Amino acid sequence: MNNITILRGGAIGDFVLTLPAIDAIRKAFATEELRLIGNPAILALYGNATHLNHDDPRLIALHRDGPIPATTRALFADCERALAYAVDPHGQLQRQLAQLIAGPVLLWDPRPPVGTDDHIVDHLLQPLAQWGIPICNRAPHIAADKYSADASPEIIIHPGSGSPTKCWPEAQFAVLCSALERRGLRAALLCGPVEIERGLTSDHATICPPDLSTLAALLAGARLFIGNDSGPGHIAAAVGTPTLSLFGPTDPRIWSPRHPRGRILHMPNIADIPLAAVVDVALQMLEEAPRG
C-alpha cells in the first residue's frame, strides 16, 4: 500500500500543535497508509498511523549530499507524497526527498514567521493548501482513555518546561498546591523527565507517568491543568481538560493551548505573576468545571 509520510521532529508541544494538520491529511487520504517520522515516545500520542524513529540510520542520507543508499530508497519506495516540517536552509532535505519520491514533496519551516501573532496551529496548517486539503479542525485532539475520578487528581500542576526561563518559580507551585489542598481539592504535581533531571522535590502528592499515553489518560480524568508553556499543557487541552497556562517570555497569542475553556496569565517576567491571581483564576475555573 502506498503511504503519505509526514516528518515532524521537535518537542511534545510541537507535535501536539501539528495534530490538526495530521488529522486533515489522514482524512484527505483515508485509503492510504499514513506514516509519521519523529520521536517514537511522542508519536505514540497518535495511533492512526505507522511510526518511524527519526534516529533510524536509514534516514541519515536525507540530511547530507551524496548518493542515496538502497536501504533508504527501499524505505521510501511506497511513499506517494511527503510533508516535512523542518528547517532546511540549503534545500538539502528537499533535494534528497525529491530523488526518492515521485509525487509532491513539501518542506515547511515549523517556526512562526518573524512579526506574526497568528497561532502556531494556523501556521502549521498553511502548507496543506498546496495539496488542496480542506481543514477539518483547528484545535488539536488526542483520543485518550480517561482515568476514573478516583484514579486521577482533580488538579494536575506541572511546574516544569523545556526552558527554565518559561517556568514560574517552583516554590510558588508548592504554595499553590497547598492553597488548593486547604480548600479540600485533590491536587498533584506532575513530575516528568525534565523535573527529575532538575531534582524536583515536594512534600505534596506527585505523579510520574511512565509514558505520554498514561499522562494523556491522567489529564483526561482531571478537572483542571495548571502549568507553564509546556507540552503537558497542550496534551491537557487536546484531551479536553481546561488549562490555566502561565506565560512569560513566549507569546501566548502564538503558543497558548487551544481549548475553549483555556485561560492565560501572562507577565514578561513570569516570576511576576501573582500567586493570588493564579489561585483566584483556578478556583473560578473549577466552579465552571463539572465533577467527574
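Residues numbered from 1 in each chain as written. Predicted model: local features only at pLDDT ≥ 70, side-chain atom pairs only at ≥ 80, totals over all residues. Heavy atoms only, no water.

(A) Spotlight on the sheet that holds strand 1 (residues 3-8). Sheet architecture is open: five strands sit in the order 3-2-1-4-5, paired in parallel fashion. Every interior strand has two partners, whereas the edge strands, strand 3 (50-53) and strand 5 (105-108), have only one. Across the sheet, the mean angle from the axis of one strand to that of its neighbour is 15°, orientation sign disregarded. Relative to strand 4 (residues 79-85), strand 1 is paired through six bridges, and the arrangement is parallel. Looking at the pairing, Leu7 lines up with Ala84 of strand 4. Lying over the sheet, helix 4 (residues 92-100) contacts strand 4 and strand 5, oriented at roughly 165° with respect to strand 5. (Pairing = 2+ DSSP bridges. Helix = DSSP H or I, 4+ residues; strand = E, 2+ residues; numbered from the N terminus. Axes fitted to C-alpha atoms, helices over the stretch in contact; angles between N-to-C directions. Contact = heavy atoms within 4.5 Å.)

(B) Layout of the environment of Ser163. As for its position among the elements, Ser163 is in the loop between strand 6 (155-158) and helix 6 (170-182). Residues Ser163 and Leu34, 129 residues apart in the sequence, show an inter-C-alpha distance of 32 Å. Within the local environment of Ser163, its side chain forms a polar contact with the side chain of Thr165, the two groups lying 2.8 Å apart. (Polar contact = N/O pair within 3.5 Å; in protein donor to acceptor, adjacent residues only side chain to side chain.)

(C) Fine view of the nonpolar core. Ranked by size, the top nonpolar core spans 47 residues in total, and within it Phe15, Ile25, Leu34, Leu36, Leu128 and Ile235 carry the most contacts. For this core, the leading source of residues is helix 1 (residues 12-28), giving eight residues. The contact partners of Leu36, leaving out residues within four places of it in the chain, are Ile6, Phe15, Ile22, Leu43, Tyr46, Ala49, Thr50, His51 and Leu52. Listed in part, the 24 residues of the second largest apolar core include Ala179, Ile226, Val281 and Met285. (Core = buried A, V, L, I, M, F, W, Y, C linked by side-chain atoms within 4.5 Å. Buried < 20%, exposed > 50% of the residue type's maximum accessible area, 1.4 Å probe, protein only.)

(D) Highlighting the pairing of strand 1. Within strand 1, six of the six residues are buried, which leaves it mostly tucked inside the rest of the structure. Residues Asn3, Thr5 and Leu7 of strand 1 are buried on one face, and the alternating residues Ile4, Ile6 and Arg8, pointing to the opposite face, are buried as well. Pairing geometry for strand 1 and strand 2 (residues 33-38), over five bridges, is parallel. The residue bridging Ile4 from the neighbouring strand is Leu34, located in strand 2. Since strand 1 and strand 2 lie parallel, the crossover through helix 1 that links them has a hand, and here it is right-handed. (Right-handed = clockwise from strand over helix to strand, strands pointing away.)

(E) Expanded view of the pattern of salt bridges. Enumeration over the complete set of coordinates arrives at 10 salt bridges. Residue Lys166 is joined to Asp229 by a salt bridge in which the shortest nitrogen-to-oxygen separation is 3.6 Å. Highlighted residues: Lys166 in the loop between strand 6 and helix 6 and Asp229 in the loop between strand 9 (224-228) and helix 9 (231-238), separated in sequence by 63 residues. Asp229 sits in the buried class, given a relative accessible area of 6%. A single salt-bridge network, built from bridges that share partners, covers Asp117, Asp251 and Arg253. (Salt bridge = Lys/Arg side-chain N within 4 Å of Asp/Glu carboxyl O.)

(F) Structural context of the packing of aromatic side chains. Applying the stated rule across the entire model yields two aromatic pairs. Arranged with centres 6.3 Å apart and planes meeting at 90°, the rings of Phe29 and Trp131 form a pair that is edge-to-face. Taken together, the residues span a long stretch of sequence, with Phe29 in the loop between helix 1 and strand 2 and Trp131 in the loop between helix 5 (120-125) and strand 6 at a distance of 102 residues. For Phe29, a relative accessible area of 14% translates into the label buried. Taking relative accessible area as the criterion, Trp131 reaches 14% and is therefore assigned buried. Where Trp168 meets Phe173, the ring centres are 5.0 Å apart and the plane angle is 90°; that geometry is what we call edge-to-face. Phe173 carries the same exposure label as Trp168, and that label is buried. Taking NZ or CZ as reference, Arg81 lies 4.8 Å from the ring centre of Trp131, over its face. (Phe/Tyr/Trp six-rings, centres within 6.5 Å; stacked < 30°, edge-to-face > 60°. Lys NZ or Arg CZ within 6 Å of the ring centre and 35° of its normal.)

(G) Summary view of the sheet that holds strand 9. Taken in spatial order, the six strands line up as 8-7-6-9-10-11 in an open sheet, and their pairing is parallel. Of all strands in the sheet, those with a lone pairing partner are strand 8 (206-207) and strand 11 (263-266), marking the two edges. Contacting strand 6, strand 7 (187-190), strand 9 and strand 10 (243-247), helix 6 crosses the sheet at an angle of about 170° to strand 6.

(H) Local environment of the state of the cysteines. Counted by the stated rule, this structure contains zero disulfides. Distance from the sulfur of Cys177, which forms no disulfide, to the nearest cysteine sulfur (Cys191) is 13 Å. Residue class for Cys177 comes out buried when judged on its relative accessible area of 0%. (Disulfide = S-S within 2.5 Å.)

(I) Geometry of the packing of helix 6 against helix 11 (residues 275-288). Direction vectors running N to C along helix 6 and helix 11 enclose 40°, while the axes themselves pass 10 Å from each other. In terms of orientation, helix 6 lies oblique with respect to helix 11. Crossing hand, helix 6 versus helix 11: right-handed. In this structure, helix 6 contributes Gln172, Val175, Leu176, Ala179 and Leu180 to the contact, and helix 11 contributes Leu275, Val278, Val279 and Leu283. Among the residues forming the contact of helix 6 with helix 11, the class breakdown is eight nonpolar, one polar and no charged. (Parallel < 35°, antiparallel > 145°, perpendicular 65-115°, else oblique. Left-handed = near helix turned anticlockwise from the far one by under 90°. Nonpolar A, V, L, I, M, F, W, Y, C, P; charged D, E, K, R; others polar.)

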